[in-house]
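# Remarks on the overall topology
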Amino acid sequence: MMSSRCAACKYLRRRCPSDCIFSPYFPPNDPQRFSCVHRIYGASNVGKMLQQLPSHLRSQAADTLYFEAQYRLQDPVYGCVGIISQLHQQINRAESQVAKIQAEISFLNSNAQEVEEPQVDQHFEANSNFINNFLPEQINTLDLSPYGLPSTQTSWFN
């Protein structure tokens, strides 16, 4: 017999045997843990579930039972499935946002490539129109280097 009873035996007001199935998973310092599990599953069912499992899986099973019982008490209709569905919704929203942003990026990249090419052509056309407004004798005296065209200015030193 242990010096102090486990939370399950305290809750059930019984003596805690040395081979108590609950004692490793429901310590006396956390009585709320067993109380929560007992309300949802019942002590007898929890004991049967733990006994049917191999000893190396019992701790994980007790943690899972506690987690599920806790959320079943918070949300009696959906329990932990409600949390799982909320997380799936968040994942779906995030994936759709990522897809939308990737589409916007590709759209902006394709527009940027299209805009760069016509700007060069428009700039050249604007320079051509600028030159066409001058008489042939005036063109020889213009400095066209600021417009991306070779200078037609004759050198004074020739």
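Scroll up a little and you will see the structure.
Let me sum up the structure you'll find in this document.

## Considerations on the overall build of the chain
A tally of regular secondary structure across the chain gives six helices and zero strands. Expressed as a percentage of the 158 residues in the chain, the buried residues total 22%. At a minimum sequence separation of 6, the contacts of the chain that also span at least 24 residues come to 35%. For the chain, the accessible area works out to roughly 11800 Å², and carbon and sulfur atoms hold 54% of it.

## What about the packing of aromatic side chains?
Applying the stated criterion to the full structure yields five aromatic pairs. Connected via pairs of aromatic rings, a cluster forms that spans Tyr11, Phe22, Phe26 and Phe34.

## Looking at helix 4 (residues 55–74)
For helix 4, with 20 residues, the first-to-last C-alpha span of 30 Å sits near the 28 Å given by 1.5 Å per residue. Among all positions in helix 4, only Arg58, Ala61, Ala62, Leu65, Tyr66 and Ala69 are buried. Buried residues in helix 4, looked at end-on, bunch into an arc of 140 degrees, giving them a common side. The outward face of helix 4, more than 90 degrees from its buried face, is lined by the exposed residues His56, Gln60 and Gln74. Where helix 4 is buried, its residues meet helix 2 (31–41) and helix 3 (43–52).

## Thoughts on the packing of helix 3 against helix 4
Helix packing for two helices is described by the angle between their axes and how far apart those axes are. Their axes nearest at 9 Å, the elements helix 3 and helix 4 cross at an angle of 150 degrees. The angle between the axes of helix 3 and helix 4 places the two elements in the roughly antiparallel class. At the point where helix 3 passes helix 4, the crossing takes the right-handed sense. Across the interface between the two elements, Val46, Met49, Leu50 and Gln51 from helix 3 touch Arg58, Ala61, Ala62 and Leu65 from helix 4. Among the residues forming the contact of helix 3 with helix 4, the class breakdown is six nonpolar, one polar and one charged.

## Quick word on unusual backbone geometry
For arginine 13, which is not a glycine, the phi torsion comes out positive at approximately 55 degrees. Positionally, arginine 13 belongs in the loop between helix 1 (7–12) and helix 2.

## A few points about the nonpolar core
The biggest cluster of nonpolar side chains holds 21 residues, and the ones touching the most others in it are Cys6, Phe22, Phe26, Phe34, Val37, Val46 and Leu50. Other than its neighbours up to four places away in sequence, leucine 50 contacts Ile21, Phe22, Tyr25, Phe26, Arg58, Ala61 and Ala62.

## Observations regarding helix 3
Residues of helix 3 that are buried: Ala43, Val46, Gly47 and Leu50. Taken around the axis of helix 3, the buried residues stretch over an arc of 100 degrees, which confines them to a single face. Looking at the buried side of helix 3, the elements it contacts are helix 1, helix 2 and helix 4.

## Section: the side chain of serine 23
Summarising the element assignment, serine 23 is placed in the loop between helix 1 and helix 2. Residue classification places serine 23 among the buried positions, given a relative accessible area of 16%. Polar side-chain contacts of serine 23 include one of 3.2 Å to the backbone oxygen of cysteine 20.

## A word on the packing of helix 2 against helix 3
Relative to each other, helix 2 and helix 3 sit at 100 degrees, their axes nearing to 7 Å. One finds that helix 2 runs roughly perpendicular with respect to helix 3. The residues of helix 3 that touch helix 2, namely those facing Phe34, Val37, His38 and Tyr41, are Ala43, Asn45, Val46 and Met49. Of the residues that constitute the contact of helix 2 with helix 3, the class distribution is six nonpolar, two polar and no charged.

Criteria and cut-off values
Residues numbered from 1 in each chain as written. Predicted model: local features only at pLDDT ≥ 70, side-chain atom pairs only at ≥ 80, totals over all residues. Heavy atoms only, no water. Helix = DSSP H or I, 4+ residues; strand = E, 2+ residues; numbered from the N terminus. Buried < 20%, exposed > 50% of the residue type's maximum accessible area, 1.4 Å probe, protein only. Contact = heavy atoms within 4.5 Å. Areas by Shrake-Rupley, 256 points an atom, 1.4 Å probe, with all protein chains shown as cover. Phe/Tyr/Trp six-rings, centres within 6.5 Å; stacked < 30°, edge-to-face > 60°. Expected span 1.5 Å × (residues − 1). Arc of directions from axis to C-beta. Axes fitted to C-alpha atoms, helices over the stretch in contact; angles between N-to-C directions. Parallel < 35°, antiparallel > 145°, perpendicular 65-115°, else oblique. Left-handed = near helix turned anticlockwise from the far one by under 90°. Nonpolar A, V, L, I, M, F, W, Y, C, P; charged D, E, K, R; others polar. Core = buried A, V, L, I, M, F, W, Y, C linked by side-chain atoms within 4.5 Å. Polar contact = N/O pair within 3.5 Å; in protein donor to acceptor, adjacent residues only side chain to side chain.

In short, shape yes, function no, at least from these values alone.
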